[in-house]
Amino acid sequence: MPKRILFLNNTSDLYGASKVALETVKVLKRNGYHVVFAISDFGPICKALDELSCPYEIIPLATIRRKYFSPKGVINRAVSFVKSWNAIKRICKEHSIDTIYSNTTALVIGAFFSSRKKLNHIWHVHEISVGPKWLQRIYAKLLWRKTDLVIAVSEAVLNHWKKLEIRIPIKRIYNGFDFSHFTLEKSSLRSELGLSENDVIIGMLARVHFWKGQQYFLDIAKYLNTQGHQVKFVMVGDAYPGYEYLYDEIKNKIEENGLSGLVCNLGFRSDIANILQGYDIFILPSILPDPLPTTVLEAMGAETAVVATAHGGASEMVVDQKTGLLIPWDDAKHAANLISPLIEGKELRVRFGSEGRERVIKHFSLIEFEKNLIGAMKNV
């Protein structure tokens with residue numbers, strides 16, 4: 001059984017996959033594993049790692065992204081790959097590493113290095129790939145041939161990769177979190193925004209990206225606004241590097257949809273519990289399948305009524321009409337009509353919030369995640 005792990009993480013933020021990485025490190029350390037964390041730059045996650053007394057190194061990680069799909073990009077990745085290889089080699093020698101743990105499919109270096117050096121390899125897969133078929137097949141072969149354990153964060157992710165390569169040693173393990181900190185007596189969001197108790201706050205929280213659904217959220221807001229509800233809309237999240245131009249598109253969309261003065265765009269926030277407990281309704285408006293959106297789990301943990309587009313992992317998290325609502329990802333008018341009764345009925349919002357918290361604690365707790373993860377790793 002592996003005991004000394006080099007954990008590769010492709011970002012230094014504190015969004016979904018990085019939050020999962022931190023919870024995974026907590027579980028591993030609690031079960032006697034020695035963990036060294038590797039990221040490509042400094043960021044908010046570094047402070048969290050210090051608090052966990054988890055050593056980390058800033059090294060090149062040769063992540064694979066669409067922007068590198070060009071001759072110049074290939075050369076860039078080749079150079080980065082060599083630097084990454086040498087850095088990983090050094091860390092493995094210094095810490096007597098026996099296992100590489102790659103968090104997300106953007107990190108292929110871990111698969112190749114562990115295969116070459118005959119180390120164990122665990123791949124935590126958060127993605128439902130929508131790239132070209134040839135690229136999906138390459139990844140599927142890597143997951144099969146160069147990985148001892150593949151962890152899929154949802155049935156949607158598992159089924160996606162199984163269809164491409166049935167021999168992948170894949171196991172579905174839902175992400176788990178500690179929801180005890182979602183216990184604020186009262187959120188300060190309403191007073192911060194100067195809203196009355198009669199205003200229904202509808203919000204989203206996601207990094208700004210074309211598929212995360214910020215524009216779809218605003219289309220839904222347009223239709224809800226025409227129905228005469230007393231609502232305010234809140235958007236939280238900063239942009240992925242290279243996608244800052246989407247801020248201008250969002251600003252234009254707000255004006256085009258007649259929502260000026262009704263939408264508060266707060267950008268990056270670290271007080272997630274305060275934000276989510278301040279929402280009356282949380283919407284996940286992803287227009288592509290979101291594998292297992294962390295924000296849905298957090299909103300359910302905050303006892304906030306959840307609305308999510310009906311694909312990807314959200315369909316496994318939200319029980320439609322019981323713990324929340326599932327809406328179409330391509331019909332904003334119909335989505336608004338489904339949400340409307342939730343705006344009008346406070347009792348319904350409270351019931352969805354209560355049922356949602358019960359469900360998330362039962363199926364997506366840190367205890368359940370720890371049991372399943374450590375159990376799977378014993379077979380590596």
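Definitions and cut-offs
- Residues numbered from 1 in each chain as written.
- Predicted model: local features only at pLDDT ≥ 70, side-chain atom pairs only at ≥ 80, totals over all residues.
- Heavy atoms only, no water.
- Core = buried A, V, L, I, M, F, W, Y, C linked by side-chain atoms within 4.5 Å.
- Buried < 20%, exposed > 50% of the residue type's maximum accessible area, 1.4 Å probe, protein only.
- Contact = heavy atoms within 4.5 Å.
- Phe/Tyr/Trp six-rings, centres within 6.5 Å; stacked < 30°, edge-to-face > 60°.
- Helix = DSSP H or I, 4+ residues; strand = E, 2+ residues; numbered from the N terminus.
- Expected span 1.5 Å × (residues − 1).
- Pairing = 2+ DSSP bridges.
- Right-handed = clockwise from strand over helix to strand, strands pointing away.
- Patch = residues over 30% accessible without salt bridge, like charges linked within 9 Å, V, L, I, M, F, W, Y side chains within 5 Å.
- Areas by Shrake-Rupley, 256 points an atom, 1.4 Å probe, with all protein chains shown as cover.
- Salt bridge = Lys/Arg side-chain N within 4 Å of Asp/Glu carboxyl O.
- Lys, Arg positive; Asp, Glu negative; His and termini not counted.
- Charge placed at Lys NZ, Arg CZ, Asp CG, Glu CD.
- Axes fitted to C-alpha atoms, helices over the stretch in contact; angles between N-to-C directions.
- Parallel < 35°, antiparallel > 145°, perpendicular 65-115°, else oblique.
- Nonpolar A, V, L, I, M, F, W, Y, C, P; charged D, E, K, R; others polar.
- Left-handed = near helix turned anticlockwise from the far one by under 90°.
- Polar contact = N/O pair within 3.5 Å; in protein donor to acceptor, adjacent residues only side chain to side chain.
- Disulfide = S-S within 2.5 Å.

Draft legend 1. Quick look at the nonpolar core. Counting residues in hydrophobic clusters, the biggest one holds 50 residues, and the most contacted among them are Trp123, Trp161, Leu276, Tyr279, Phe282, Val296 and Leu297. When neighbours within four sequence positions are excluded, Leu276 is seen to be in contact with Phe182, Leu205, Phe282, Thr295, Glu298, Ala299, Ala302 and Thr304. Counting 34 residues, the second largest nonpolar core, distinct from the first, contains Val200, Leu224, Ile283 and Ile327.

Draft legend 2. Examining the packing of aromatic side chains more closely. All told, the structure shown has twelve aromatic pairs when counted by the stated rule. Aromatic ring contacts, followed pair by pair, group Phe81, Trp85, Phe112 and Phe113 into a single cluster.

Draft legend 3. Layout of the environment of Tyr240. Along the chain, the position of Tyr240 falls in the loop between strand E9 (231–236) and helix H9 (246–256). Sequence spacing of Tyr240 and Arg207 is 33 residues, and the spatial spacing of their C-alpha atoms is 6.4 Å. Setting aside its immediate chain neighbours within four residues, Tyr240 contacts Arg207, Val208, His209 and Lys212.

Draft legend 4. Expanded view of helix H5 (residues 133–145). Here H5 is 13 residues long and its end C-alpha atoms lie 18 Å apart, about the 18 Å a rise of 1.5 Å per residue gives. Against helix H4 (109–116), strand E5 (120–125), strand E6 (149–152) and helix H6 (155–164) lie the buried residues of H5.

Draft legend 5. Structural context of the pairing of E5. Counted residue by residue, E5 has five buried out of six residues, so it is predominantly covered. In this sheet, E5 lies alongside strand E4 (residues 99–103) in parallel orientation, the contact comprising five bridges. Paired with Asn103 across the strands is His124, a residue of E5. Following the backbone out of E4, through H4 and into the adjacent parallel E5, one traces a crossover that is right-handed. Taken together, the four bridges between E5 and E6 define a ladder with parallel strand orientation. Within E6, the position partnered with Ile122 by the bridge is Leu149. Regarding the hand of the β-α-β motif, the stretch spanning E5, H5 and E6 is right-handed.

Draft legend 6. View of a positive patch on the surface. A cluster of like positive charges, contributed by Lys89, Lys93, Arg116, Lys117 and Lys118, occupies part of the molecular surface. Looking at where Lys117 falls in the secondary structure, it is placed in the loop between H4 and E5. A relative accessible area of 38% places Lys117 in the partly exposed class.

Draft legend 7. The sheet that holds strand E8 (residues 200–205), seen in detail. Strand order across the open sheet formed by six strands is E10-E9-E8-E11-E12-E13, with parallel pairing between neighbours. Two strands bound the open sheet, and with one partner strand each, they are strand E10 (263–267) and strand E13 (324–327). Averaged over neighbouring strand pairs, the angle between their axes works out to 20° when direction is ignored. Helix-sheet contacts for helix H8 (residues 214–226) involve E8, E9, E10, strand E11 (281–284), strand E12 (305–309) and E13, and the interaxial angle to E9 is about 175°.

Draft legend 8. Examining the packing of H8 against H9 more closely. It is at 10 Å that the axes of H8 and H9 come closest, and there the two elements cross at 10°. By the angle between their axes, H8 is roughly parallel relative to H9. Of the residues in H9, those in contact with Gln214, Gln215, Leu218 and Asp219 of H8 are Glu249, Ile250, Lys253 and Ile254. Its residues placed into classes, the contact of H8 with H9 shows three nonpolar, two polar and three charged.

Draft legend 9. The arrangement of the packing of helix H1 (residues 16–30) against helix H15 (residues 366–377) in detail. Running from N to C, H1 and H15 cross one another at 65°; their axes reach a closest spacing of 10 Å. Of the two possible hands of crossing, H1 and H15 adopt the one that is right-handed. Touching Glu23, Thr24, Val27, Leu28 and Arg30 of H1 are Leu366, Phe369, Glu370, Leu373, Ile374 and Met377, all from H15. Residue composition of the contact of H1 with H15, by class: seven nonpolar, one polar and three charged.

Draft legend 10. Representation of the side chain of Glu316. For Glu316, the location among the structural elements is in helix H12 (residues 314–317). At 5.1 Å, Arg172 is the nearest oppositely charged side chain to Glu316, a buried residue that forms no salt bridge. Only 2.8 Å separates the side chain of Glu316 from the backbone nitrogen of Ala156, close enough to count as a polar contact. Non-local contacts of Glu316, meaning those with residues more than four positions away in its chain, are made with Ser154, Glu155, Ala156, Tyr174, Arg359 and Phe364.

Draft legend 11. Spatial organisation of the state of the cysteines. Taken as a whole and judged by the stated rule, the model has zero disulfides. The thiol sulfur of Cys46 is not disulfide-bonded, and the nearest other cysteine sulfur, from Cys54, lies at 11 Å. Among the residues examined, Cys46 registers a relative accessible area of 5% and is labelled buried.

Draft legend 12. Geometry of the sheet that holds E5. Spatially, the seven strands line up as an open sheet ordered E3-E2-E1-E4-E5-E6-E7, and their pairing is parallel. Each edge of the sheet is formed by a strand with only one pairing partner; in this case those strands are strand E3 (56–58) and strand E7 (170–172). The mean inter-strand angle of the sheet, taken between neighbouring strand axes irrespective of direction, is 20°. Note that strand E1 (residues 4–9) and strand E2 (residues 34–39) share five bridges and pair parallel. Paired with Leu8 across the two strands is Ala38, which belongs to E2.

Draft legend 13. Unusual backbone geometry, seen in detail. Non-glycine residue Lys118 carries a positive phi angle of around 60°. Along the chain, Lys118 turns up in the loop between H4 and E5. With relative accessibility at 73%, the residue Lys118 sits in the exposed group. With a phi close to 60°, Glu303 is a non-glycine residue in the positive phi region. Its place among the elements puts Glu303 in the loop between helix H11 (294–301) and E12. For Glu303, a relative accessible area of 46% puts it in the partly exposed group.

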